[in-house]
Amino acid sequence: MKDELVAHIKPKSSISENIRTIRTNLEFSNIKENMKVILITSSISGEGKSFISSNLAVAFAQTKKRILIIDCDIRRGKLHKILNTKDEKGLSDLLISNSDVNDYIMKTSVNNLYLITRGTIAPNPSELLNSNKMKNLIKDLKDRFDYIILDGVPVIGLSDALILSKIADKTVIVAAANYTPTDLLINTKKSLENVGADIAGVVVNKIRVPSNSYYSKYYE
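None of the values given here were measured: they were computed from a predicted structure.

Caption draft 1: Examining a nonpolar patch on the surface more closely. On the surface, Val-202, Val-204 and Ile-207 cluster together to form a nonpolar patch covering roughly 240 Å² of accessible area. Relative to the assigned elements, Val-202 resides in strand β7 (residues 199–205).

If you want it as structure tokens, here you go:
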């Protein structure tokens, strides 16, 4: 799955350019705000949320900023596969232990990009993410990194993303063209707004374009 890291492997591709545009828009929104924690979520699975979060993290790291991406999908997270690292211990293990966070922060093959994997699959992810330890962890990490990207879970059917949106400065919703039902996307936006999430916008993924177009590639 490391081939999904397009912004690193093919930085001159149209997909990478689109990812950098998202990064730039977020940076502009940060001119008057102290945005450091960005949550990436979606309505349902299969919309390419982890693809967007991992490539956005790469795009930020390419600006020579110190970036941390955290796999907050304790149930099914796959960032360790995308970033080609091991997942022997991660966020869930950190939240239930008294270990030093430095033991969980991993270097990646991308300069300036660090990762905390999902860790051991836990029976109570929502409780872990809603704990004071999680809130204190993010507060501590904000002093050590320029940006922190939280790869969350889909909103529909789970409370995890709503919990994370409360500790994130901005929330980005990922939707997939011809895949995400409009009513679910509307419900996702409303659910996040109801808990006070600061929604930066919606990223539409998996858009097909003519093969002869400059933007001739899309992510499946």
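Caption draft 2: Region of interest: unusual backbone geometry. A positive phi angle is found at Asn-112, which is not glycine, with a value near 75 degrees. With respect to the helices and strands, Asn-112 occurs in the loop between β3 (106–107) and β4 (113–116). Positive phi, close to 60 degrees, is recorded for Asn-178, a residue that is not glycine. Tracing the sequence through the fold places Asn-178 in the loop between β6 (170–176) and α9 (182–194). For Asn-178, a relative accessible area of 84% corresponds to the exposed category.

Caption draft 3: Structural context of the nonpolar core. Among the nonpolar cores identified, the biggest contains 31 residues, and Leu-26, Ile-38, Ile-40, Phe-60, Ile-69 and Leu-113 are the most heavily contacted of them. Broken down by element, the residue count for this core peaks at 8 residues, all from helix α3 (residues 49–61). Aside from chain neighbours lying at most four places away, what touches Phe-60 is Arg-23, Leu-26, Glu-27, Ile-38, Lys-65, Ile-67, Tyr-147 and Ile-149. Counting residues in hydrophobic clusters, the runner-up holds 28 residues, among them Tyr-114, Leu-137, Leu-141 and Ile-167.

Conventions we followed
- Residue numbering note: each chain is counted from 1, following its sequence as written.
- Where totals are concerned, whole chains, interfaces and linings use all residues; where local detail is concerned, this predicted model gives features only for residues with pLDDT of at least 70, and gives and counts side-chain atom pairs only at 80 or more.
- Hydrogens are left out, water is left out, and the side-chain values use all remaining heavy atoms of the structure.
- Residues with no salt bridge and a relative accessible area higher than 30% make up the patches, which join like charges within 9 Å and nonpolar side chains (Val, Leu, Ile, Met, Phe, Trp, Tyr) within 5 Å.
- Each accessible area is a Shrake-Rupley estimate made with a 1.4 Å probe; only the visible protein chains count as cover when residues are assessed.
- Each reported salt bridge corresponds to a side-chain nitrogen of Lys or Arg within 4 Å of a carboxyl oxygen of Asp or Glu.
- For the purposes of this entry, the term helix denotes a DSSP run of H or I that reaches at least four residues, the term strand denotes a run of E that reaches at least two, and both are numbered from the N terminus.
- Here's how the labels work: a residue is buried when its accessible area is under 20% of the maximum for its type, exposed when over 50%, partly exposed in between, all with a 1.4 Å probe on protein chains only.
- Here, nonpolar core means buried Ala, Val, Leu, Ile, Met, Phe, Trp, Tyr and Cys residues that are tied together by side-chain atoms lying within 4.5 Å of each other.
- In this analysis, two residues are considered to be in contact whenever any of their non-hydrogen atoms come within 4.5 Å of each other.

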